[in-house]
Amino acid sequence: MTLTRDITLSLPEQEGLQISLTDPMSVTDFEQFCAANPDIRAERSADGKVWIMAPVNLESGYYEGEVLGELRNYCLRTRNGKAFSPSTGFQLPDGSTRAADASWVSNERLSQLTQAQRQTFPPIVPAFVIEIRSKTDARSALEQKMQETWIANGVQLAWLIDPQAQQVVVYSPERTPLIIDGFDQTIDASPILPDFEFDLRLLIF
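Described in the following lines is the structure provided in the data block. (Residues numbered from 1 in each chain as written. Predicted model: local features only at pLDDT ≥ 70, side-chain atom pairs only at ≥ 80, totals over all residues. Heavy atoms only, no water.)

Some thoughts on the nonpolar core
For soluble globular proteins, the rule of thumb is that nonpolar side chains tend to be buried together.
Next, step 1: Ranked by size, the top nonpolar core spans 25 residues in total, and within it Phe128, Trp159, Ile161, Val168 and Phe196 carry the most contacts.
Next, step 2: Elements with a contribution of two residues or more to this core: helix H2 (58-78), strand E7 (102-106), strand E8 (128-132), strand E9 (157-162) and strand E10 (167-172).
Next, step 3: Counting residues per element, this core draws most heavily on H2, at 5 residues.
Next, step 4: If sequence neighbours within four positions are ignored, Ile161 has contacts with Val67, Ile130, Glu131, Ile132, Arg133, Gln167, Val168, Phe183 and Leu203. (Core = buried A, V, L, I, M, F, W, Y, C linked by side-chain atoms within 4.5 Å. Buried < 20%, exposed > 50% of the residue type's maximum accessible area, 1.4 Å probe, protein only. Helix = DSSP H or I, 4+ residues; strand = E, 2+ residues; numbered from the N terminus. Contact = heavy atoms within 4.5 Å.)

So, in structure tokens, the structure goes:
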């Protein structure tokens, strides 16, 4: 497999579509592959399987923008960490490289990274992540990602937002998932992110 050349993939215009590459990639191979193909959004599982995601549709892009925007505003207000976009991959302890629709890392954890690590997929676990279900996403697959990828690797708080069902599932290591019904309310991320509140009415589109 040649990793340093550009490749051309034909992605149907179907939001949420994932294409799986058949040959497992090492961490180094995956980094080289992504560097050679910067316009591709990809994730890598612990066993080297790689998924390539198509661009999202209008509604999903709006949801992602609202969530990331509110998280960024929180960071600007508190100066206690930084928010990261869906394009940011994190190298997790299980060997996978995964991305969330929005994520937050404290300044303390960021200060432990070297300059070289900041230029690649950093070996760091976000304290807080948000995933948003699109119409083409299987909810069971996202629930598995929340538990077996994010929480199992050390994420302290994770939200799975399902606009179709108008539900939020809250995950943390200390308790079973909590389902919040209805977008006519505000939810908060304390104590992991003190004073971060998100008005779910922003997602009624």
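Some remarks on H2
Next, step 1: Counted at 1.5 Å a residue, the expected span for H2 with its 21 residues is 30 Å, and the 30 Å between its end C-alpha atoms agrees.
Next, step 2: Taken as a whole, H2 has its buried residues at Ser60, Tyr63, Glu64, Val67, Leu71, Tyr74 and Cys75. Angularly, the buried residues of H2 cover 105 degrees about the axis, an arc narrow enough to put them on a single face. Structural note: H2 exposes Leu58 and Arg77 on the side pointing more than 90 degrees away from its buried face.
Next, step 3: The backbone nitrogen of Glu59 lies 3.2 Å from a side-chain oxygen of the residue at the head of H2, namely Asn57.
Next, step 4: Backbone geometry just after H2 places Arg79 at a positive phi near 60 degrees. (Expected span 1.5 Å × (residues − 1). Arc of directions from axis to C-beta. Polar contact = N/O pair within 3.5 Å; in protein donor to acceptor, adjacent residues only side chain to side chain.)

Thoughts on the pattern of salt bridges
Next, step 1: The full count for this structure, using the stated rule, is 9 salt bridges.
Next, step 2: A salt bridge links Arg41 to Asp101, with the shortest nitrogen-to-oxygen separation between them at 3.7 Å. With a gap of 60 residues between them, Arg41 in strand E2 (residues 41-44) and Asp101 in the loop between strand E6 (97-98) and E7 connect regions that are remote in the sequence.
Next, step 3: Under the relative-accessibility criterion, Arg41 is labelled partly exposed at 24%.
Next, step 4: Residue Asp101 is classed as buried on the basis of its relative accessible area, which comes to 5%.
Next, step 5: The residue Asp162 makes a salt bridge to Arg133 at a minimum N-O spacing of 2.9 Å. Of the two residues, Asp162 sits in strand E9 while Arg133 sits in the loop between E8 and helix H5 (139-151), which places them 29 residues apart along the sequence. In this structure, Asp162 and Arg133 share a single accessibility class: buried. (Salt bridge = Lys/Arg side-chain N within 4 Å of Asp/Glu carboxyl O.)

Take it as geometry only, folks, not as evidence of what the structure does.
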